[in-house]
Amino acid sequence: MSVYPATIDPPRRPASVLAGKVVTREHARFDEARRAWNLAVDQQPAAVVFPESAEDVVAAVQYARGHGLRIAPQGTGHNAGPLGSLDNTLLLRTDRIRGVHVDAKAWLARVEAGSVWLEVVEAAAQHGLAALAGSSPDVGVVGYTLGGGMSFLSRKYGLCANAVRAIELVTADGRLVRADRDNEPDLFWALRGGGGSFGVVTAIELQLLPIEHAYAGVLFYPIERGSEVLHAWRELTQSDALPDELTTIARFLRLPPIPDIPEELRGKSFVTVDAYHLGDPGEADELLAPLRALGPINDTIATVPVPALSHLHMDPEQPVPAAGDGLMIAELPTRAVDAFVEVAGQNAKFPLVTVELRHLQGALGRPHHSHGALSSIEAQYALFAAGMVPVPELEAPVRAQVHAVKMAMAPWAASHMYLNFAETQHDPARFWTEQAYHRLRRIKRAVDPDDVIRSNHPIPAVG
Ligand SMILES: Cc1cc2nc3c(=O)[nH]c(=O)nc-3n(C[C@H](O)[C@H](O)[C@H](O)COP(=O)(O)OP(=O)(O)OC[C@H]3O[C@@H](n4cnc5c(N)ncnc54)[C@H](O)[C@@H]3O)c2cc1C
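To start, this report covers the structure provided alongside it. (Residues numbered from 1 in each chain as written. Predicted model: local features only at pLDDT ≥ 70, side-chain atom pairs only at ≥ 80, totals over all residues. Heavy atoms only, no water.)

### Topic: the side chain of Arg192
Here Arg192 is to be found in the loop between α6 (185-191) and β9 (200-207). Of the side chains bearing the opposite charge, Asp186 lies closest to the buried Arg192, which forms no salt bridge; the N-O distance is 9.3 Å. Not counting chain neighbours up to four residues away, the residues in contact with Arg192 comprise Leu146, Ala161, Asn162, Val164, Ser370, His371, Gly372, Ala373 and Leu374. (Helix = DSSP H or I, 4+ residues; strand = E, 2+ residues; numbered from the N terminus. Buried < 20%, exposed > 50% of the residue type's maximum accessible area, 1.4 Å probe, protein only. Lys, Arg positive; Asp, Glu negative; His and termini not counted. Salt bridge = Lys/Arg side-chain N within 4 Å of Asp/Glu carboxyl O. Contact = heavy atoms within 4.5 Å.)

### As for unusual backbone geometry
Residue Trp107 is not a glycine yet carries a positive backbone phi of 55°. On the basis of relative accessibility, which here comes to 37%, the residue Trp107 falls in the partly exposed class. Its identity as a non-glycine residue notwithstanding, Asp451 has a phi of 55°, on the positive side. Here Asp451 lies in the segment after α12 (434-447). Residue Asp451 is classed as partly exposed on the basis of its relative accessible area of 23%.

### Thoughts on the sheet that holds strand β1 (residues 22-24)
If you walk across this open sheet you meet the four strands as β1-β2-β4-β3, and the pairing is mixed. For this open sheet the edge positions go to β1 and β3 (70-74), each flanked by a neighbour on one side alone. Neighbouring strand axes in the sheet, compared pairwise and without regard to direction, differ in orientation by 25° on average. (Pairing = 2+ DSSP bridges. Axes fitted to C-alpha atoms, helices over the stretch in contact; angles between N-to-C directions.)

### Observations regarding the pattern of salt bridges
Counted by the stated rule, this structure contains 25 salt bridges. Glu168 is the salt-bridge partner of Arg110, the closest N and O atoms lying 2.8 Å from each other. One end of the pair, Arg110, is in strand β6 (residues 108-112); the other, Glu168, is in strand β7 (residues 164-170), with 58 residues separating them in the sequence. Two residues, Arg358 and Glu356, come together in a salt bridge whose shortest N-O distance is 2.6 Å. Here the two residues Arg358 and Glu356 agree in accessibility, since each one is buried. Here the salt bridges do not stand alone but share partners, grouping Arg70, Lys444, Asp448 and Asp451 into one network.

### A look at the environment of Asn420
Position of Asn420 relative to the elements: it lies in the loop between α11 (395-409) and α12. In sequence terms Asn420 and Gly143 are 277 residues apart; their C-alpha atoms lie 8.3 Å from each other. Non-local contacts of Asn420, meaning those with residues more than four positions away in its chain, are made with Asn79, Gly143, Tyr144, Gly147, Gly148 and Gly149. Side-chain polar atoms of Asn420 contact the side chain of Tyr418, separated by 3.0 Å. (Polar contact = N/O pair within 3.5 Å; in protein donor to acceptor, adjacent residues only side chain to side chain.)

### Let's talk about α12
Over its 14 residues, α12 runs 20 Å from end to end, which matches the ideal 20 Å to within 8%, given 1.5 Å per residue. Of the positions making up α12, those classed as buried are Ala436, Tyr437, Leu440, Arg441, Ile443, Lys444 and Val447. Here the buried residues of α12 occupy an arc of 165° about the axis, which is enough to place them on one side. Projecting away from the buried face of α12 at angles above 90 degrees are the exposed residues Glu434, Gln435, Arg442 and Ala446. (Expected span 1.5 Å × (residues − 1). Arc of directions from axis to C-beta.)

Take a look at the structure:
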């Protein structure tokens, strides 16, 4: 049974519903209103609107069209970097459209557009359920899911986008529609991994999973041991016996000396392996034995309730100034591990906070005809590198080091990029298969020929 209402009422009130919800340059609050989660991004929209309901979103789209503006929906601004100039653009912040309703019997969550992952994870856990959340508790559910959504549970259960059961959105012509398997099938397909080019999403319905606990945590080693740890981790991920229940991430982690970081980790550098296992801990222990034999200085792996997974990766849980980018890795021979250690490990030319390799495959690599625009991920690993930019002078060296990491790993890069880990502008054709990209373009032309909806990784409407 769906947790959505059977029909969606058409909007009844005119654009005046937006009174008090639009912040223009003249307002004292403009700087606060235009701020993205990534504080290094200086967003300069024509105005910012804070709708409080789907009806307000309809009014905002009408307002934008009436004023000759484009409209850029934004949940948190985690991936605001690639948006570029927001001239003549109304930034539509969904922060105030919030709420999670769990239908425990149907294992479904209806999530309103401004909700962040921790809200869903905690609401689902109250019913013994889990969602395909990512590593960060305050990433927006909608932005993450429209871009694909790679969770620690995804090797077993696939992309979050393919666990979507319905999406409510306001189209560029101001219609509030529900897209699901039976309604608006093209939109439903495009929204599941095709990004934010097709409308303003107001709510999303996700399939949940009956999972209460995981065996998970982090193995910490001194950063000097990068080579042996990375090679042992590579062996584990290449093992034929590796079950989809185990997901691991290897990374070089340099924690900044700030009070938010626990004292024992603050200001220190490590090579780490995160492990997330569903099922018998004994099975995980056997698989992780070679990594434990290397003698980690700290081993936090334990059976934990699912909400604890949202904090294990130690992603910043509040806005930060950062610059980063990703690259998908097709294969990881031992030479690639050496290159990774050389560029990102102990002797890196510039210290980034995180340079990580996430192991993919499993269900992530299995396409299915019922899936959306991003059916599967054709890469064995996802690389992501990022540094903090507390002062503008650090932006150039951080970006140069992120670039150096990508260049060092380029010989093993996959042909496709992953939209969510792309924090700079990329050729959109690289995010999808050729066939999927052409279909996305046809759908964009049909639903938004004037290119009113602006996403961070846009599908071109014309050409
Ligand atoms: C610390 C950190 C950890 C991360 N971990 C993971 C991870 O584990 N797995 C993973 O897959 N990704 C991860 N990401 C990437 C993340 O999924 C993307 O940055 C994603 O775009 C964030 O969504 P958002 O809504 O928070 O960001 P925003 O910047 O607000 O949104 C990004 C884009 O999504 C679209 N969008 C957002 N809301 C709407 C809406 N209501 N209607 C239409 N379009 C909309 C827009 O095009 C917008 O430009 C991580 C990012 C960071 C910074």
